[in-house]
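Here is how the chains run, residue by residue.
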Amino acid sequence: MGRLGALLLLLGALGALADICNIPEVDSSLVQSLGQRLLPWMDQLSLEHLNPSIYVGLRLSSVEASTKEAFYLHSLNSDLRHRITLAIRTAQEKVLKAQTPEGYFGNVYSTPLALQLLMTSPMPGAELGTACLNARAALLASLQDGAFQNALMISQLLPVLNHKSYVDLISPDCLAPRVTLEPATVTPSLMQVPEFIHVMLKVPSVWPPYRHSISVPAGSSLEEVLMKAQELGGFMYGTQASLSGPYLTSVMGKEVGEREFWQLIRAPDTPLQQGIADYRPKDGETIELRLVTW
Ligand code: B12
């Protein structure tokens, strides 16, 4: 037997092992009488009675409610655009209220998604255009400052800079020309002795409280500071992978409990806007890891 024969035999054997969920045919009069029970419901077209599941259930069956069906769909659609418009308007108003004097909606990292929402529909009577222009200017300034290093954050910003939002996924323009990306070229720096910085790392909420000055090459991330502290001894930490990067879950063996998290603070009391992998402390900074509830 050749290789092909062996492969077919193997696939056949696997197929024989596989089982499927098969519902044998049900008496059609039973299906019809079940469908008939929905008919009176399809006459109830008030907002509180309209139910998308009724329409979907019928459409995915072998029975139909003739003209009632089209009318029901029409009523559902008008109710749903109304509800969605209301929900979008409420969310848009909240986002606009959260604009900071610099132009961000919330902070720099919530602004891309906020802009995607604001782009989806016009708002009568609101200064939407100016608000979006201010947010765009603030984002571009942050982008130039190197604030966008996190893959998730970049992925939320890219559509905005291309005048797109997730709503465009409904009918993507697959034929629109796109530029092929090439990896960025990094010019190797001349052999330089790395400059070292000192970061004070403190964890007051454990006993005995931890407080040490950690020396790392300039440009290191907070995660590299934590690694160095662990390497030096007397400090321990643990992380969990997430879509935003490594999430700090334990410090000095203390795992977070229900609704608790290890907050990253720049002393005296500024919560960081980036995670341990992205935040790069400056020389002389004090970083506190604080166990808090949310
Ligand atoms: C809910 C939330 C939290 C909750 C998470 C609790 C929970 N178990 O649900 C709490 C309040 C604990 C939290 C903490 C922090 N958060 Co938060 N958080 C969010 C939020 C609103 C939603 C995340 C989510 O549910 N995603 C959806 C699920 C499906 O994806 P996921 O990957 O499984 O989600 C997990 C991770 O996102 C993780 N997580 C939450 N926040 C952060 C932050 C970082 C840096 C990392 C790596 C992981 C992480 O918790 C989620 C649930 O397990 C986002 C905003 C957003 N739009 O994404 C901000 C957001 C991700 N958080 C942010 C920040 C900065 C933090 C903190 C670093 C704040 C601080 N100074 O301590 C800490 C994390 C510290 C640490 N221990 O590593 C920023 C990240 C910005 C960036 N540049 O990456 C965001 C985007 C908010 C913002 N606009 O500033 N956060």
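- The protein chain goes by Transcobalamin-2 in an unreviewed UniProt entry, where it is assigned to Myotis myotis.
- Among the UniProt annotations of the protein chain, the heading Subunit (unreviewed entry) holds the following wording: "Interacts with CD320 (via LDL-receptor class A domains)."
- Here is the UniProt Subcellular location (unreviewed entry) comment for the protein chain, exactly as written: "Secreted".

Some details on a nonpolar patch on the surface
Reasoning step 1: There is a patch of nonpolar side chains on the surface, built from Ile-23, Val-26 and Leu-30 and spanning about 310 Å² of accessible area.
Reasoning step 2: Within the secondary structure, Ile-23 sits in the loop between helix H1 (3-17) and helix H2 (28-36).

What about the UniProt feature "binding site: cyanocob(III)alamin" (unreviewed entry) in the protein chain?
Reasoning step 1: UniProt records the feature "binding site: cyanocob(III)alamin" (unreviewed entry) for Asn-107, Gln-156, Tyr-247, Leu-248, Trp-262, Gln-263, Leu-264, Leu-272 and Trp-294 in the present numbering. Spatial dispersion of the annotated residues is evident: they stretch over 188 residues in sequence, and the largest pairwise C-alpha distance comes to 25.1 Å.
Reasoning step 2: If sequence neighbours within four positions are ignored, Gln-156 has contacts with Tyr-109, Pro-112, Leu-113, Gln-116 and Tyr-166.
Reasoning step 3: Within the secondary structure, Trp-262 is located in strand E6 (residues 260-266).
Reasoning step 4: Among residues more than four places away in sequence, those in contact with Trp-262 are Val-203, Ser-205, Val-206, Leu-248, Thr-249, Ser-250, Val-251, Lys-254, Val-256, Leu-289, Arg-290 and Leu-291.
Reasoning step 5: Polar side-chain contacts of Trp-262 include one of 3.1 Å to the backbone oxygen of Lys-254.

Things to note about unusual backbone geometry
Reasoning step 1: The residue after Trp-207, namely Pro-208, is reached through a cis peptide bond having omega -5°.
Reasoning step 2: Structurally, Pro-208 is set in the loop between strand E1 (196-203) and strand E2 (210-217).
Reasoning step 3: Geometrically, the link from Ala-267 to Pro-268 is a cis peptide bond, its omega value of 10° lying close to zero.
Reasoning step 4: Counting through the fold element by element, Pro-268 comes out in the loop between E6 and strand E7 (270-271).
Reasoning step 5: Look at Met-252: it is not a glycine, yet its phi comes out positive at around 55°.
Reasoning step 6: For Met-252, the location among the structural elements is in the loop between strand E4 (245-251) and strand E5 (254-255).

What counts and how
- Residues numbered from 1 in each chain as written.
- Predicted model: local features only at pLDDT ≥ 70, side-chain atom pairs only at ≥ 80, totals over all residues.
- Heavy atoms only, no water.
- UniProt positions renumbered as here; feature names shortened; annotations may be inferred.
- Patch = residues over 30% accessible without salt bridge, like charges linked within 9 Å, V, L, I, M, F, W, Y side chains within 5 Å.
- Areas by Shrake-Rupley, 256 points an atom, 1.4 Å probe, with all protein chains shown as cover.
- Salt bridge = Lys/Arg side-chain N within 4 Å of Asp/Glu carboxyl O.
- Helix = DSSP H or I, 4+ residues; strand = E, 2+ residues; numbered from the N terminus.
- Contact = heavy atoms within 4.5 Å.
- Polar contact = N/O pair within 3.5 Å; in protein donor to acceptor, adjacent residues only side chain to side chain.

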